[in-house]
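Residue-level structure breakdown
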Amino acid sequence: MTELERNLLAELDSLVLIDPHTHINPHAPASSTLADILGYHYYTELAHSSGMPRAHIEAPGLEPKDRVGRLVEALEQLDNTIQFHWLRTICSELFDFEDEQIGPANWERLYDLSLKKMSQPDWENEVLRKSGLEKVFLTNEFDDPLEGFDTNRYVPCLRTDDLVFKLEDAAVRTRLEKAAGSAVTTAGHLKKAIGTLFSHFTGRGARACAISLPPWFSPGKVEPAEAEAALAAVFSGNAASTEQRQQLSRFVFWTLAEFCAEFQLPFDLMIGVNRRVYEQGVFQGQDLFDMRVSLIQYRELFNAFPQVMFPVSVLGHTSNQELVSYAWIFPNVITNGHWWYSNIPTYIEMDTRSRLEAVPRNKQIGYYSDMYKLEFALPKFQMYRRILAKALAEDFVVGRRWPEIRAIELGRQVLRGNVEQIFKV
Amino acid sequence: MTELERNLLAELDSLVLIDPHTHINPHAPASSTLADILGYHYYTELAHSSGMPRAHIEAPGLEPKDRVGRLVEALEQLDNTIQFHWLRTICSELFDFEDEQIGPANWERLYDLSLKKMSQPDWENEVLRKSGLEKVFLTNEFDDPLEGFDTNRYVPCLRTDDLVFKLEDAAVRTRLEKAAGSAVTTAGHLKKAIGTLFSHFTGRGARACAISLPPWFSPGKVEPAEAEAALAAVFSGNAASTEQRQQLSRFVFWTLAEFCAEFQLPFDLMIGVNRRVYEQGVFQGQDLFDMRVSLIQYRELFNAFPQVMFPVSVLGHTSNQELVSYAWIFPNVITNGHWWYSNIPTYIEMDTRSRLEAVPRNKQIGYYSDMYKLEFALPKFQMYRRILAKALAEDFVVGRRWPEIRAIELGRQVLRGNVEQIFKV
Amino acid sequence: MTELERNLLAELDSLVLIDPHTHINPHAPASSTLADILGYHYYTELAHSSGMPRAHIEAPGLEPKDRVGRLVEALEQLDNTIQFHWLRTICSELFDFEDEQIGPANWERLYDLSLKKMSQPDWENEVLRKSGLEKVFLTNEFDDPLEGFDTNRYVPCLRTDDLVFKLEDAAVRTRLEKAAGSAVTTAGHLKKAIGTLFSHFTGRGARACAISLPPWFSPGKVEPAEAEAALAAVFSGNAASTEQRQQLSRFVFWTLAEFCAEFQLPFDLMIGVNRRVYEQGVFQGQDLFDMRVSLIQYRELFNAFPQVMFPVSVLGHTSNQELVSYAWIFPNVITNGHWWYSNIPTYIEMDTRSRLEAVPRNKQIGYYSDMYKLEFALPKFQMYRRILAKALAEDFVVGRRWPEIRAIELGRQVLRGNVEQIFKV
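Keep in mind it's a predicted model, so treat the numbers as computed, not measured.

1. Regarding the relation of the copies chain C and chain A
- Between chain C and chain A, the superposition needs a rotation of 120 degrees and an axial shift of 0.0 Å, giving an RMSD of 0.0 Å. The operation mapping one copy onto its partner corresponds to a three-fold rotation axis.
- Comparing interface residues between copies, only 10% of those in chain C also sit at the interface in chain A, which points to a heterologous contact through distinct surfaces.

2. Overview of the side chain of Arg400 of chain B
- Mapped onto the elements of the fold, Arg400 of chain B is located in the loop between α17 (377–398) and α18 (404–423).
- The side chain of Arg400 of chain B is buried and forms no salt bridge, while Glu357 of chain B, the nearest opposite charge, is found at 5.2 Å.
- A distance of 2.6 Å separates a polar atom in the side chain of Arg400 of chain B from the backbone oxygen of Asn80 of chain C.
- What Arg400 of chain B contacts, discounting residues up to four positions off in sequence, is Glu357 and Asp395 of chain B together with Asp79, Asn80, Thr81, Ile82 and His85 of chain C.

3. A short note on the confidence of the model for chain A
- Model confidence for chain A is summarised by a mean pLDDT of 97, while 100% of its residues fall at 70 or above.
- For this predicted complex, the interface score ipTM comes out at 0.98, while the overall pTM is 0.98.

4. Regarding the interface of chain C and chain A
- Opposite the 42 residues of chain C that make contact, chain A presents 46 residues.
- A salt bridge links Asp79 of chain A to Arg406 of chain C; its shortest N-O distance comes to 3.0 Å.
- Along the contact surface separating chain C from chain A lie 29 residue pairs in polar contact (both at pLDDT 80 or more).
- Looking at the side of chain C that touches chain A, the elements with two or more residues in it are α14 (299–304), α15 (320–329), α16 (345–358), α17 (377–398) and α18 (404–423) of chain C.
- It is α15 of chain C that contributes the most residues to the side of chain C that touches chain A, eight residues altogether.

5. Focus on the packing of helix α1 (residues 3–13) of chain C against α17 of chain C
Residues and elements named next belong to chain C.
- Following both chains from N to C, one finds α1 and α17 inclined at 125 degrees, their axes separated by 9 Å at the closest point. Regarding the angle of α1 to α17, the classification is oblique. Remark: the crossing between α1 and α17 carries right-handed chirality. Facing α1, whose interface residues are Leu4, Glu5, Leu8, Leu9, Leu12 and Asp13, α17 presents Arg385, Arg386, Leu388, Ala389, Lys390, Leu392, Ala393, Glu394, Val397 and Val398.
- A breakdown of the residues in the contact of α1 with α17 according to their chemical character gives ten nonpolar, no polar and six charged.

6. Focus on the interface of chain C and chain B
- If you look at the interface, chain C gives 46 residues, while chain B gives 42 residues.
- We note a salt bridge from Arg406 of chain B to Glu100 of chain C, for which the minimum N-O separation is 3.2 Å.
- At the surface where chain C touches chain B, the tally comes to 29 residue pairs in polar contact (both at pLDDT 80 or more).
- Only α3 (41–49), α6 (82–95), β8 (288–289) and α16 of chain C provide two or more residues apiece to the side of chain C that touches chain B.
- Residues belonging to the side of chain C that touches chain B are distributed by class as follows: 17 nonpolar, 17 polar and twelve charged.

7. Some points on empty space enclosed by the protein
- As enumerated under the stated definition, the model contains ten cavities of 30 Å³ or more in all.
- In terms of lining, the largest cavity is formed by 16 residues, of which the most central are His317 and Thr318 of chain A, His317 of chain B together with His317 and Thr318 of chain C.
- Sorting the residues of the lining of the largest cavity by element identifies α16 (345–358) of chain A, α16 (345–358) of chain B together with α15 and α16 of chain C as the ones contributing at least two each.
- Tallied by class, the residues present in the lining of the largest cavity amount to six nonpolar, ten polar and no charged.

8. Observations regarding helix α8 (residues 123–131) of chain B
- Within α8 of chain B, burial applies to Trp123, Val127, Leu128 and Ser131 of chain B. Mapping the buried residues of α8 of chain B onto a view down its axis gives an arc of 135 degrees, with all of them on the same face.

9. So, the sheet that holds strand β6 (residues 267–271) of chain B
All names here are of chain B.
- Taken together, the six strands give an open sheet; going across it, the order is β4-β5-β6-β9-β10-β11, and neighbouring strands pair in parallel fashion. Of all strands in the sheet, those bounded by a partner on one side alone are β4 (158–159) and β11 (364–365).
- Where strand β5 (residues 209–213) lies against β6, five bridges are found, and the strand directions are parallel. Residue Leu213 lies in a different strand from β6, and its bridge partner there is Ile271.
- The sheet strands contacting helix α13 (residues 242–263) are β5 and β6, and the helix crosses β6 at an angle near 145 degrees.

10. So, the sheet that holds strand β5 (residues 209–213) of chain A
Residues and elements named next belong to chain A.
- Strand order across the open sheet formed by six strands is β4-β5-β6-β9-β10-β11, with parallel pairing between neighbours. Every interior strand has two partners, whereas the edge strands, β4 (158–159) and β11 (364–365), have only one.
- Pairing between β4 and β5: two bridges, direction parallel. Each bridged residue has a counterpart across the sheet, and for Arg159 the counterpart in β5 is Ala210.
- In the packing of helix α13 (residues 242–263) onto the sheet, contacts are made with β5 and β6 (267–271), and the angle to β6 comes to roughly 145 degrees.

11. A few points about the relation of the copies chain C and chain B
- Note on the identical chains: chain C maps onto chain B by a rotation of 120 degrees and an axial translation of 0.0 Å, with an RMSD of 0.0 Å.
- Interface overlap between copies: only 9% of the residues of chain C at the interface are likewise at the interface in chain B, consistent with a contact formed by different surfaces.

12. A few points about the pairing of strand β5 (residues 209–213) of chain C
- Most of β5 of chain C is tucked away, with five of its five residues classed as buried.
- The alternating pattern of β5 of chain C places Cys209, Ile211 and Leu213 of chain C and Ala210 and Ser212 of chain C on opposite faces, both of which are buried.

13. Some remarks on the pattern of salt bridges
- Scanning all chains against the criterion turns up 87 salt bridges over all chains.
- Glu58 of chain A is paired through a salt bridge with Arg54 of chain A; the nearest N and O atoms lie 3.4 Å apart.
- Among the ionic pairs, Arg292 of chain B bridges to Asp290 of chain B, the shortest N-O distance being 2.9 Å.
- Residue classification places Arg292 of chain B among the partly exposed positions, given a relative accessible area of 27%.
- Its relative accessible area of 12% is what places Asp290 of chain B among the buried residues.
- By sharing partners, the salt bridges in this structure join Glu349, Lys390 and Glu394 of chain A together with Arg353 and Asp395 of chain C into a single network.

What counts, and where the lines are drawn
- Think of each chain on its own: its residues are numbered from 1, step by step along the sequence as written.
- Going through the entries in the order they are written, you letter the chains from A and number the ligands from 1.
- Local features are withheld for residues below a pLDDT of 70 in this predicted model, meaning they are given only at 70 or higher, and side-chain atom pairs are given and counted only at 80 or more; totals for whole chains, interfaces and linings count all residues.
- Heavy atoms from the whole structure form the basis of all side-chain values; hydrogens and water molecules are not counted.
- Our superposition of the copies is a least-squares fit, built on the C-alpha atoms of residues whose pLDDT is at least 70 in both.
- In what follows, residue pairs with any heavy atoms lying within 4.5 Å of each other are defined as contacts.
- What counts as a helix is a DSSP run of H or I of at least four residues, what counts as a strand is a run of E of at least two, and both are numbered from the N terminus.
- Between buried and exposed lies partly exposed: a residue is buried under 20% and exposed over 50% of the maximum accessible area for its type, with that area taken using a 1.4 Å probe on protein chains only.
- Under this rule, positive means Lys or Arg and negative means Asp or Glu; His and the chain ends count for nothing.
- Definition used for salt bridges: Asp or Glu carboxyl oxygen within 4 Å of a side-chain nitrogen of Lys or Arg.
- Two N or O atoms form a polar contact when they lie within 3.5 Å of each other; inside protein one atom must be a possible hydrogen donor and the other a possible acceptor, and for residues adjacent in sequence the pair counts only when both atoms belong to side chains.
- On a range of 0 to 100, pLDDT expresses the predictor's confidence in each residue.
- Here an axis means a line fitted to C-alpha atoms, over the contact stretch when the element is a helix, while the angle between two N-to-C directions is reported on a 0 to 180 degree scale.
- Geometric relationships in this document are graded by angle, where less than 35 degrees denotes roughly parallel, more than 145 denotes roughly antiparallel, 65 to 115 denotes roughly perpendicular, and other angles denote oblique.
- Handedness of each helix crossing follows the sense of rotation of the near helix against the far helix: counterclockwise by less than a right angle gives left-handed, clockwise gives right-handed.
- Following the grouping adopted for this structure description, the nonpolar residues are Ala, Val, Leu, Ile, Met, Phe, Trp, Tyr, Cys and Pro, the charged ones are Asp, Glu, Lys and Arg, and the polar ones are all others, Gly among them.
- A cavity, in this analysis, means grid points on a 1 Å lattice covering only the protein atoms where a 1.4 Å probe fits yet has no way out; a pocket is instead an open set bounded by protein on both sides within 12 Å along at least five of seven lines, and a residue lines either one if it has an atom within 4 Å of a point.
- Grid points are joined across faces, edges and corners, and a volume is the space filled by probe spheres set on the points.
- It is the directions from the helix axis to the C-beta atoms whose arc is reported.
- Whether two strands pair comes down to DSSP finding at least two bridges between them.

Below you can see the structure in the form of C-alpha cells.
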C-alpha cells in the first residue's frame, strides 16, 4: 500500500456511515456468543463445502460453544478466503485477539475472550462506535410490527420477496390479511392491502422497499382482468400454472412500484438469485445464480416509473457492465454495493473502478454490509474502503492528477452522501 | 506512471494516425462553439442521468452559449467520469484552459477562450495537427453524394443500418431508389440497387462498409424465393410479421457481405446495441444492450465469406473473450477498438491485454475515436495510448523482457500499421 | 517483479508436480523434432489465422523440417502471443537457444539444435526433470488397451466424449463392443459395457473419468424406458431426432456419473466447447464457444451425486464467477485449472485471484498443462506459477500480512497437494 493510499484510507476510515442494507434484527443486533459470528452462513456453507457434513454443522440442540468447536475444525481449509479474513479482522479489532490463525489450540481462548466482550452491557454501542456506524437499514418482513426499537438508528425497510413470489402459500396470505387487517380475495383487495403495508412502514420511518429477484423474472404491467384471473387461479388451492403464478408475481411487483412512486420510496432491486439450487446445503447456503440475466428485462419498469429511484444490486460480476451502462443512461437507476457472490475483492475492484469512471457520482451507493450481526460491518466496510482508496489513488490522484482532497470528497459522497440523498435519511 | 511507461507513451504519442471509425461531418469537421463539445451525447445523457430534465437540456431555440450554461450546471455530478476527463483534456490541450474544474464561476471564460480558438480560420488543421491525425474515416449514409470534401483526408465508409433494418420505412426506400437511380420493387432490384451504392462509394474512395447490429440478429443466407416473399410482405405497406422483417434484414445483410467480397471492402460489424431502450432519453442517449449475445450467431457468416475481412467491435466487455477467441481462430475476424459502453479504461485495459496475448498482431485494430467532432480524437486516443503503453510496459518489456523497441513496434502496428493494411488506405 | 514475488516464485518453482490433465501419448511422450512443437494446434491455428492458407500448413507428405520452415514464416505476426512466449521458453530452457526471435535467418540452427537434444536417449526423462514433473495424467480413448507404458508415471484417465456424443456412429459402437467384449443393442447392454470399461481402466490405475461438453448440454436422469427408446432410434441407422440423440447422450452421461460413484473416480467436466465452428480451420483449430452457458445446467447432476468429485473447467472467463460460486457452495464441485481460451495471463490472473478469495483451499486444482507433448508443461506451468506468485504476494503477504511461509504453503496445496488428495494419486 502506497503512502497516498494510506492517506486516502485514513480519511475514508474517519467517516461515520449509514449502512443502507442489512439483515440486522433490531431486537438483538449484536452477537451474544462467537456462535453468532461463526454461524454466519458464509462460514457454515464454506465449512460444508470444504467437506464438513451438514448434519455435523447443524446438529440440533448444540450449545453455542460446541457449535463453534465444530466449525473451528473447518477453518484450516478456509483460511485463504476473504470471509476468513473478515473473521480475523473482527477478532483483532473487536475482541483484541491477535493470533494469526484460529484452530484447535486457541479457539477456546478466543471464545472466552469474545464472550467477555459481548457480555458487556454496552457492547452494541461499542461495536457501532468502533465500526463508525450511525444508522443501519433493516430488511423487515412485510408483517413486522416495527415496534420496540429505535427506528432512527435501525431504519425500517419493507422486504417484499414473500409478497411477490410466495402468495400461493396460504400462510403468507394469512400473514398478509392479518398485517393489512382485511380479507384478501381479489386483486383489488391485494392492492389495497399492500397500500396498508406501505402506510404502516412509512409511518414507522421506512426508507426503502426491497426485493431479491430470480434471473428469469421480467417485470411488466398486468391488466386488471389478467391479474384477477391469475390471482383466482393461485388462490384456488389447485395447482396454478407457472404462467399464472408468474402473472401474479408481475402484478404484485408492479403494484409495489406504484406504491413506491406514491410513497416516494426507493425500490432496492437485488437481481439474479436462484433459490434452493443446492437443496442439501446448510441454512442460507443453498442459493446460486445463472449469469444469463440482463437488465433489458427491466426496460419496461425503468421507463414506466421515472419518479422512482431503483438502487440496483447484481449478483453476478458479469452483470456489472450492464448496471454501469443502465445507470449512466437511466436517471432512476442507481448502482448499489457489491452483493454476495460479487462481494469479493477481485470483483469489487473492477466493479468499483468502472462505476467511478462512467456513472454520475451522485448515483453510486458504494457499499452495504448485508450483515446479520453488527460485528460484520467493520471488516466488510474495511475491505471495501481499502479497494476504494486504491481506486481513488491510482485512477484519480495519480491517473488524473486530482488533488487528494477531491478524491476524498468523491469517496465521501459514494460512501455516505449518496445514502443520505437517495434514501432521504 | 513508471519511466518505462513514459518512454513508451512518448513514442506512441509521436505517431501520426488514421482514425478508422468516426461520425465526422466532413463539411463541418471541427466544433464551432463549446456547445458542439458539450452537446456530445456523452455529456447530455450523463447530465440527464444525473438529474437534469431532458426538456432543460434540449429546449428548442437555445443559443449555443445558453445551452452550454445549462449543461455546465450538471458537471459537478459528472466530474468523476472519464468523459469529463476527455473534456478537461480538450480544454487544456486545445483551448489552453487549465482550470481543474468547470463550473458557474469560470465557464464563460472557457466559452470565450474556446470560441476564439475555434474561430481561427485554420482551426480544423490545427486540431488534426495537435491530435496527430492524418486521415479520418467517416460513416456515411448510403445516399450520401460524397461530394464537396477531400476524400483523401476524410475517407468515406458506407453505413448500412438503414438498409438492413429500416426498409419497411417508405422514406428509406425512396432514398434508396433515388440514390440507386432505379425503382426497387423486387429482391432482384434491391440487390442491383445495393450494387450501385457500392460502385458509387468505392468510386469515391470508400474503404469500408459498416453496420451496428442488435443482440438478437443472426446473419444467414436467404433463398431467393424467401427473400422475394419477405420483401413483398414488408413493402406491401401492411404490417409484416417480425419473421418477415427479419428475413428481409438477413437478405440485405447477406447481400452486403457479397458485395464486400466483390468490391474487396472490409465489413465493420459493431455488435450488440439495442436501440431506444430508454425512449424518454436525450438524443442519442437512449440505446443500451443485452449482454446475452454470442459471436456464434455469426458462425455462418464468417464461414461463408473467407475473403471478406470483418473488423468486429463488441458493445459489451463480457463479449471480449469471444472476440479474442474468434479472431484467434478465424482468419477473417479482426478485433476492432473499444466501443461505446466498453470504451472506459477499466474495460479497455483488460480487453487490450487479452488481445495482445492471444490474437495475431496483424489482426488487431487498436482504437478508433467514434467522434462526431474532431476535438475528441485527442483525449480519446490519449486515454487509449496510456493504457496501451502500460500493457506494453508491464506485459512485454517487464513480463517478457522485450527490448523497448520491439514493444514500440507492436504498439505502432496496432495503432497505425494494421489500419493501413486492413483498409488498404 | 518484486523481490517478494521472486522469493515466492522460487519456492513454487522448486515443487515437483503432478500434471492432472494432458493429452500425452505415453508411447511417444516427448517430441522427436521441432515439427512436433510447432505442429501444436496453437501454432498452426494462429499461423492460419494470421493469413497462412491451411493447405500450406497441412500439405500432405511434408518432411518435419519443411513443415517447420513453413510455419516459421508466420511467427513474425504471432510473436506477441503468449503461445509464442511458450515457444521461446521451450527454446531457451530446453534447447539452449537464446535468440529473442525465430525467423528465416535462424530457424534452421534452432531445428538442428533441438533435433540433437531430442535425439538423446534420455530426452523424455530430461524434459520431465527440467519441468519438475513426477506424474502426468493422460486422456485415453475408452478402448485404449492401456498397455506398454508405465501407468505409475503416465496415469490413465477415461475420456468419454465419444461414448456420450458419438454413439450414432457405427464405428464407435463397434469399438465399444470390442472393448467391452460383448454386443451392445440395448440400454442395459450399454450400461454393462460401460461398467466393463470402468473395471478395465481402474484396474490399470485410472484416476479420473473426463469429458468435454458443449454449451447446450444439460445432464439429467433418463428413465430406462426413455433410454431404451432413444437408443433404439439412434442405433436403427435411420436419422434419429435431435431430441433422441440428446436423450441418449444424457443417458450415457448419467451412467458414467453412476459408475464414477461406484468406482470412486472423480469426473472431470470441461464445459463449454462448440465443435467445428470453423470447418475450414486447421486440425484442432476449428472449435469455439458460446459464452451463454451456465452451471445451473448442472444443478441436477451436482445434487444427485454428492459422493462424486467434479473437477470443473470452464472454457469462458465469463463463466469463472459461476464456477467460483458453485465450488463455494457445492462440496463436490472443484475448480480445475485454466482451460484453452481462458488459458492466457489476463484471464488466469483474475480467475486465480477470485478462486483464492472465495473457494476453500482444498477444492482448487491450480493448473494442468493440457499438453500433447511433454515439452509444453514447462512454459505453461511457468506462466501459471508467475501469476500465482503475484497473487500470493499482493493479496496475501501484502494485502493480508501473511508470513511468506503461509503463502507458499497455500501455493503448494493448490499446485500439488490437492491433486494428490482429489485424485488419490
